[in-house]
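Survey of secondary and tertiary structure
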Amino acid sequence: MKISTIEPSEYDRAAELWEASVRATHDFVTEADLEVFRPLVRASFGEIAQLAGLRTDEGLLIGFIGVEDGNVEMLFLDPAYRGQGGGSLLLEHAFTSYAAVTVDVNEQNPQAIGFYEHHGFVRVSRSETDSTGKPYPILHLKRP
């Protein structure tokens, strides 16, 4: 696996990865929520200052990470490649290349919480709703 930039021509593929990952890990998200989030996520790719993709050795985009002002805004991986170290590679890239130190994670996603805690993040606060006002509590994590 290797990390490289994501080209605008790959944003549709990245959006597909986002949705596949959400469906595999966010069982609390409804179809109606996906309809709302899908265009927001797709539009965000061109707005995130630091965006990197994870690729197979053959060049297939299988995951990505986006960082803004030191905050991991998104980290999503093709479910078929989970558990193979790709998420850790992306996060390490965010630490070393983008100076990432914080992340917000859904409280209802214990796998993600465990992943970030495994990488040294600790809980610093909690919000009752997500950034769109939906009733999905968010944990705010930081690397000391």
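Here is a short report on the structure shown in this document. (Residues numbered from 1 in each chain as written. Predicted model: local features only at pLDDT ≥ 70, side-chain atom pairs only at ≥ 80, totals over all residues. Heavy atoms only, no water.)

Structurally, the position occupied by Asp57 is in the loop between strand E2 (50–55) and strand E3 (61–68). Separated by 36 residues in sequence, Asp57 and His93 place their C-alpha atoms 17 Å apart. Asp57 has contacts with Met1 and Lys2, leaving out every residue within four places of it along the chain. Here Met1 takes part through its backbone nitrogen, which lies 3.2 Å from a polar atom of the side chain of Asp57. (Helix = DSSP H or I, 4+ residues; strand = E, 2+ residues; numbered from the N terminus. Contact = heavy atoms within 4.5 Å. Polar contact = N/O pair within 3.5 Å; in protein donor to acceptor, adjacent residues only side chain to side chain.)

Tallying each qualifying case throughout the model produces seven salt bridges. Across the salt bridge formed by Glu16 and Arg13, the nearest N and O atoms sit 4.0 Å from each other. Separated by three residues within a single helix, Glu16 and Arg13 lie in helix H1 (residues 11–25), roughly one turn from each other. The closest approach of N and O atoms between Arg123 and Glu117, which form a salt bridge, is 3.0 Å. (Salt bridge = Lys/Arg side-chain N within 4 Å of Asp/Glu carboxyl O.)

What follows is about the sheet that holds E2. On the basis of which strands lie adjacent, the open sheet formed by seven strands has the order E1-E2-E3-E4-E5-E7-E6 and mixed pairing. With partners counted over all chains shown, the strands left at the sheet margins are strand E1 (2–5) and strand E6 (122–127), one partner each. Taking each pair of neighbouring strands and ignoring which way they run, the sheet shows an average axis angle of 30 degrees. Along the sheet face, H1 touches E2, E3 and strand E4 (71–77) and points at about 90 degrees away from the line of E3. (Pairing = 2+ DSSP bridges. Axes fitted to C-alpha atoms, helices over the stretch in contact; angles between N-to-C directions.)

Next up on the list: the environment of Leu61. Relative to the helices and strands, Leu61 is located in strand E3. Those residues in contact with Leu61 that lie beyond four places of it in its chain are Ile6, Glu10, Arg13, Ala14, Leu17, Gly53, Leu54 and Arg55.

All right, on to the nonpolar core then. Judged by nonpolar contacts, the single largest core of 22 residues is most densely connected at Ile65, Val72, Leu91 and Tyr116. Of all the elements in the fold, those that place two or more residues in this core are E2, E3, E4, helix H3 (86–98), strand E5 (102–106), helix H4 (110–118) and strand E7 (138–142). In terms of residue count, the dominant contributor to this core is H3 (five residues). Residues contacting Leu91, with those up to four places away along its chain left out, are Ile65, Val72, Leu75, Phe115, Tyr116, His119 and Phe121. (Core = buried A, V, L, I, M, F, W, Y, C linked by side-chain atoms within 4.5 Å. Buried < 20%, exposed > 50% of the residue type's maximum accessible area, 1.4 Å probe, protein only.)

Quick look at the side chain of Arg55 now. Counting through the fold element by element, Arg55 comes out in strand E2. Accessibility expressed as a relative area gives 8% for Arg55, which makes it buried. Polar side-chain contacts of Arg55 include one of 2.7 Å to the side chain of Glu10. Not counting chain neighbours up to four residues away, the residues in contact with Arg55 comprise Met1, Lys2, Ser4, Thr5, Ile6, Glu10, Leu60, Leu61 and Ile62.

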